[in-house]
Structures are given as C-alpha cells and as structure tokens.
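# Inside the fold
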Amino acid sequence: MGKSLLFLLICVSIALSLSKPTDTENTKKRVHEEPKLSEVDHDLDGDHNPDYDHEAFLGKEGAKTFDQLSPEDARNRLRIIVKKIDKDKDGFVTEQELKDWVDYTQNKYIWDDTDRQWKDHDQDDDGKLTWAEYMKTTYGYESEKELEEKTDYNYKDMIRRDKRRWEQADEDKDQSLSREEYRNFLHPEEADHMKDVVVEETLEDIDKDKDGFLTLEEYIGDMYPPEDQEEGGEEPEWVKTEREQFSEYRDQNKDGKMDKEEVKSWILPDNYNHAEAEAKHLMYEADSDKDDKLTEDEIIEKYDVFVGSQATDFGEALIRHDEF
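Position labels on residues start from 1 in each chain and follow its written sequence. The predicted nature of this model means local features are confined to residues of pLDDT at least 70 and side-chain atom pairs, given and counted, to a pLDDT of 80 or more, with totals for whole chains, interfaces and linings taken over all residues. Computation of side-chain values covers all heavy atoms of the structure but excludes hydrogens and water.

### Examining the nonpolar core
Across soluble globular proteins, nonpolar side chains show a tendency to be buried alongside one another. The line we're drawing: Put simply, buried Ala, Val, Leu, Ile, Met, Phe, Trp, Tyr and Cys residues joined by side-chain atoms within 4.5 Å make one nonpolar core. Accessible area is worked out with a 1.4 Å probe on protein chains only. A residue is then buried under 20% of its type maximum, exposed over 50%, and partly exposed in between. The secondary structure listing takes helices from DSSP runs of H or I that are at least 4 residues long and strands from runs of E that are at least 2 residues long, numbered from the N terminus.
One finds L78, V93, L98, L294, I299, F306 and V307 to be the most contacted residues of the largest nonpolar core, which totals 20 residues. Elements with a minimum of two residues in this core: helix 2 (71–85), helix 3 (95–121), helix 12 (274–286), helix 13 (296–301) and helix 14 (303–306). Considering each element in turn, this core owes the most residues, five residues, to helix 2.

Laid out in structure tokens, this is it:
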C-alpha cells in the first residue's frame with residue numbers, strides 16, 4: 001500500500017549542518033527524500049554506507065543484479081551503463097549527467113511500483129480507480145460499513161488515513177484516481193499538493209497527547225522508544241545529538257515544541273536535493289584527477305563504489321531497458 005513513506009531515513013541537509021542518528025537498529029525513519037534514493041541508510045556507524053551509493057546509482061533492481069555478478073562481469077555491465085549516462089557522447093560523465101541518471105533510476109522505481117499496484121487495483125481495466133475498487137482489493141469489501149459488519153478488527157483509523165490521502169490525490173475531484181493521481185496517493189512526498197497529508201500522518205504517529213505539536217519527549221520517543229532503552233543504561237550518543245538538533249534546529253521558534261510547519265521542514269526539507277548530493281559524492285569518490293568530470297576508466301576503477309550492493313530486493317529492470 002506504499003505506507004512505508006512514514007518510516008524513511010532521518011538524514012540532514014548539509015547546508016543546515018544537521019546530523020542524523022547512526023544507530024540504524026533503533027531509529028525510525030521520517031525524512032522524505034526526493035525521490036527516495038535507497039532503502040538502506042546513507043550512513044553506517046558514522047561512515048558513508050556504500051550500499052546507499054549502489055542503490056542510488058543503479059536502482060534497487062540493478063543493484064541486486066550486480067551483486068550476483070563476478071567483478072569482471074560487473075565491470076563490463078558498468079561500461080554499458082556509463083555509455084548511457086554520457087548523454088552528449090563526449091567521452092566524459094559530468095556531475096549533471098550523474099544527477100540525471102540518479103533521478104532517472106529513482107523515478108523509474110516509483111512508476112514501476114505504481115504500475116505494479118495499479119494492475120492489482122484497477123480490476124475492470126478502465127483506466128480509473130474508484131474508492132470501491134480500492135476498498136475491495138485492499139480490505140476485502142467495497143464499503144466501510146460492509147467491512148465493519150463482517151470483520152472483528154477495527155480498520156477505522158487505517159481507512160480514515162487512506163481516505164484523506166485519496167481525496168487529496170483526486171485533483172480533478174471526479175471521485176476516482178487516474179494512474180498519475182494514484183502515483184501521488186502511493187508516493188505523496190513526491191507531489192507538492194500532497195505534502196500536507198504527509199505532515200498530518202507524521203504528526204498522528206508521533207503526537208501522543210494529540211495536541212497538534214511535537215514535544216522533545218515525543219520526538220525522541222519516536223526514534224528511541226522505551227522498549228529499546230536499557231534500564232540504567234547510558235543514552236546513546238546519537239540520541240544526545242538529536243536532543244541538540246531538536247533545540248537548535250527543529251524547534252525554529254524556540255517555544256519548546258514543533259508545530260506543523262516545523263515538522264514539515266524536518267521531514268520534507270526543501271533546500272536539499274538528494275540526487276544532486278549523491279552525484280557530488282560519486283564524483284568526489286571517482287574523480288581521481290579532479291577535473292570535475294569522469295572518464296569511463298575512472299568509473300571502472302571505482303566500480304565497487306557504484307555496484308555490488310548486498311542490500312537490495314529487486315530484479316534486473318535497469319540493465320534491461322534503454323529508454324534513458
């Protein structure tokens with residue numbers, strides 16, 4: 001149902017000098033990337049995580065495929081991709097071409113995910129998805145009333161959240177979703193008109209006293225819940241850092257709590273382009289002569305930065321398609 005978007009990586013804009021927790025076992029993921037570059041953490045124990053680069057550069061499908069190849073085969077496949085990235089065919093890959101490629105791989109994932117789920121829900125294949133169709137394929141019944149009468153489990157909150165997101169995604173208000181509107185329903189962080197819904201959902205998850213604000217205790221409790229804390233144990237360093245982040249950056253008006261706009265700035269930062277940052281990182285890692293462009297040989301020399309992920313769960317679509 002695409003509800004994973006409320007548990008994305010707590011990461012930070014370099015421009016704002018914010019930091020993120022590095023304890024990946026105990027941290028819930030809230031910040032939404034544009035688009036999501038990887039399911040794995042950008043940092044691992046304080047260091048840059050190479051698996052993040054693999055998924056960002058290859059896409060989840062391509063990364064798994066490359067993980068199964070020998071180093072020689074991986075290099076040969078990578079040479080093919082390099083030629084695709086070099087759009088002007090001048091023999092060099094620029095930072096902009098890297099960014100365009102990363103954007104392409106991630107947008108492709110979003111549309112592939114949308115199309116896969118669309119086929120399941122649009123059962124009459126009329127190009128429109130009604131609420132009744134969605135209810136039937138998701139909850140088993142076409143109406144909330146029928147579901148309530150025939151099941152014991154209380155789905156009211158889930159349906160309320162789905163309905164709110166559905167109505168926001170239905171831009172033309174025709175009581176059904178087109179394929180593009182359904183994409184925005186599944187990935188609301190990608191559409192400007194859907195971002196308020198993402199903020200509301202996040203607040204509902206973390207705001208325990210339901211006063212419409214996030215206190216420091218609620219903010220920390222979401223990332224470091226009591227069940228994860230050792231009795232009498234020392235608080236991890238990343239939690240201490242996040243307390244400082246709350247006071248210094250998250251709580252912008254210094255009133256001791258985060259309102260909706262402050263939550264939005266936290267989870268949907270608008271001053272940080274993740275594809276651009278990833279392109280800069282890859283350029284830094286591979287540009288051995290520091291001329292701000294990459295040759296094929298420079299990329300192949302650092303092939304382990306670009307390929308070889310062990311943290312992916314998709315197939316081979318990237319290396320099978322030439323539409324880029």
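Next comes the rest of the write-up.
### Considerations on the pattern of salt bridges
Here is the rule we go by: The term salt bridge refers to a pairing of a side-chain nitrogen on Lys or Arg with a carboxyl oxygen on Asp or Glu at a separation within 4 Å.
Enumeration according to the criterion identifies 25 salt bridges in this entry. D297 serves as the salt-bridge partner of R79, at 3.9 Å between the closest nitrogen and oxygen. In this pair, R79 is assigned in helix 2 and D297 in helix 13, connecting sequence segments 218 residues apart. Here R243 makes a salt bridge to E235, at a shortest N to O gap of 2.9 Å. R243 sits in the partly exposed class, given a relative accessible area of 31%. You can call E235 partly exposed: its relative accessible area is 24%. One network of salt bridges, with partners in common, ties together D157, R160, R161, R164, E200, E204 and D205.

### A word on the environment of N273
Defined as follows: Throughout this description, a polar contact denotes any pair of N or O atoms lying within 3.5 Å of each other; where both atoms belong to protein, one of them has to be capable of donating a hydrogen while the other can accept it, and for residues adjacent in sequence the pair is counted only when both atoms sit in side chains.
Along the chain, N273 turns up in the loop between helix 11 (260–267) and helix 12. Taking the C-alpha atoms as reference points, N273 and K99, 174 residues apart in sequence, are found 9.8 Å from one another. A polar contact is formed between the side chain of N273 and the backbone nitrogen of A275, at a distance of 3.1 Å.

### Observations regarding helix 7 (residues 179–186)
Put simply, the rule is: Contact criterion: two residues are considered in contact whenever any of their non-hydrogen atoms come within 4.5 Å of each other.
Among the eight residues that make up helix 7, six are buried, leaving the element largely enclosed by the rest of the structure. In this structure, the buried residues of helix 7 make contact with helix 3, strand 3 (129–130), helix 4 (131–139), helix 6 (156–169) and strand 4 (176–177).

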